[in-house]
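Here's the letter readout for the chains.
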Amino acid sequence: MDQPHYEFETTVSGHLFSFISEGEQGSIEKRVQFSPMRGNVFNLAFGDWNELEGKIDDMVVTNNGDMEQVLATVIEITRFFLSENIKISVSLTGSTPARTRLYQMIINKNLDIIKADFDVAASRNGHWRSFEKNVNYESFMVSKLF
Amino acid sequence: MKKVTTPISAPKHNPSLDKWDGVDLFPEKTAKAREILAKTPWPPRDEKSSSI
């Protein structure tokens, strides 16, 4: 990735990651978790860490002025996770249609970089297809290229 | 065209995170993902034979 990213930390299992967003609103902890689904699929969840509730919140609007760097970090974490788990595919679904569109825009913007390492598929109307720009999808699946 | 990839960054282990290992930190999203994958299983039935 050309875009700088934050350093990140992980757990023994390597399924949970944490990093600190540094920006206009101060230091905000972000977490990325890969949760096992059926088969070789793990789902990616990402957002601000809410220590009081013990959960990730992706509805909060942080406005920390570093969205590009935060997204670059999530992509870098995904690269690491898939390099460590080469038979795994990572699914990505927004918690709202707006979030799904945001993910789609991120993939669109970084598609050439992502495709150097990954196969990107997307679902629409109950079918998986190769990801194409300018098509609206419901969910995304990223796998490491062999 | 030659494929160019950048080195992958390796994270440090943070022991204080380990207590959250295996805990679903975003159950709503996990549930939604399960719902979508039940409706649209992966890999597709015609596994990589056509458009993927």
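For clarity, every value in this text was computed on a predicted model and none was experimentally measured. (Residues numbered from 1 in each chain as written. Chains lettered and ligands numbered in written order. Predicted model: local features only at pLDDT ≥ 70, side-chain atom pairs only at ≥ 80, totals over all residues.)

1. Quick notes on the overall build of chain B
1) Next: On a plain count of helices and strands, chain B comes out with one helix and one strand.
2) Next: Looking at chain B as a whole, 13% of its 52 residues qualify as buried. (Helix = DSSP H or I, 4+ residues; strand = E, 2+ residues; numbered from the N terminus. Buried ≥ 20, exposed ≤ 12 C-beta atoms within 10 Å, placed from the backbone.)

2. Remarks on the overall build of chain A
1) Next: Secondary structure assignment for chain A yields three helices and nine strands.
2) Next: Ordered by position in the sequence, the α and β elements of chain A form the string β-β-β-β-β-α-β-α-α-β-β-β.
3) Next: Its C-alpha radius of gyration of 15 Å places chain A within 12% of the 15 Å reference for a compact globule of 146 residues.
4) Next: Counting only C-alpha atoms, chain A reaches 40 × 35 × 30 Å along its principal axes. (Rg over C-alpha atoms; globule rule 2.2 N^0.38 Å.)

3. Considerations on the pairing of strand β2 (residues 16–23) of chain A
All names here are of chain A.
1) Next: Relative to β2, strand β1 (residues 9–10) runs antiparallel, the two being bridged by two bridges. Among the inter-strand pairings, E9 is bridged to a residue of β2, identified as S18.
2) Next: Once β1 ends, the chain turns through five residues before running back antiparallel as β2, passing G14 with a positive phi of about 75°.
3) Next: The sheet contact formed by β2 and strand β3 (residues 26–36) spans eight bridges and is antiparallel. Pairing of S21 across the sheet is with I28, part of β3. (Pairing = 2+ DSSP bridges.)

4. Examining the interface of chain B and chain A
Put simply, an interface is often sized by how much accessible area is lost when its parts join up.
1) Next: Of the residues lining the interface, 32 residues belong to chain B; the matching set on chain A comes to 42 residues.
2) Next: Considering only residue class, the side of chain B that touches chain A consists of 14 nonpolar, eight polar and 10 charged.
3) Next: Bridge count between β1(A) and strand β1 (residues 12–13) of chain B: two bridges; the pairing is parallel. Note that in β1(B) the partner of A:T10 across the bridge is B:H13. (Contact = placed C-beta atoms within 7 Å. Nonpolar A, V, L, I, M, F, W, Y, C, P; charged D, E, K, R; others polar.)

5. A few points about the nonpolar core
Residue and element names in this part refer to chain A.
1) Next: Ranked by internal contacts, the top residues of the largest apolar core, which has 38 residues, are L44, V90 and F140.
2) Next: At seven residues, helix α1 (residues 67–84) tops the list of elements feeding residues into this core.
3) Next: Beyond its immediate sequence surroundings of up to four residues, L44 is in contact with V32, F34, T78, V90, S91 and L92. (Core = buried A, V, L, I, M, F, W, Y, C linked by C-beta atoms within 7 Å.)

6. Topic: helix α1 (residues 27–39) of chain B
1) Next: Taking 1.5 Å of rise per residue, 13 residues should cover 18 Å, and α1(B) covers 18 Å from first to last C-alpha, within 8% of that figure.
2) Next: Those residues of α1(B) that fall on the buried side of the exposure criterion are B:K29, B:A33 and B:L37. Around the axis of α1(B), the buried residues are gathered within 70° of arc, so they sit on the same side. The exposed set on the far side of α1(B), more than 90 degrees from its buried face, consists of B:A31, B:E35, B:A38 and B:K39.
3) Next: Its buried side turned inward, α1(B) meets β4 (41–50) and β6 (89–92) of chain A. (Expected span 1.5 Å × (residues − 1). Arc of directions from axis to C-beta.)

7. Re helix α2 (residues 97–109) of chain A
All names here are of chain A.
1) Next: In a regular helix each residue adds 1.5 Å, so 13 residues correspond to 18 Å; α2 covers 18 Å between its end C-alpha atoms and thus fits that length.
2) Next: Of the positions making up α2, those classed as buried are Y103, Q104 and I107. The arc that holds every buried residue of α2, seen down its axis, measures 100°, which confines them to one face. Those residues of α2 that are exposed and angled more than 90 degrees off the buried face are A98 and M105.
3) Next: Its buried side turned inward, α2 meets β6, α3 (111–117), β7 (118–124) and β9 (139–144).

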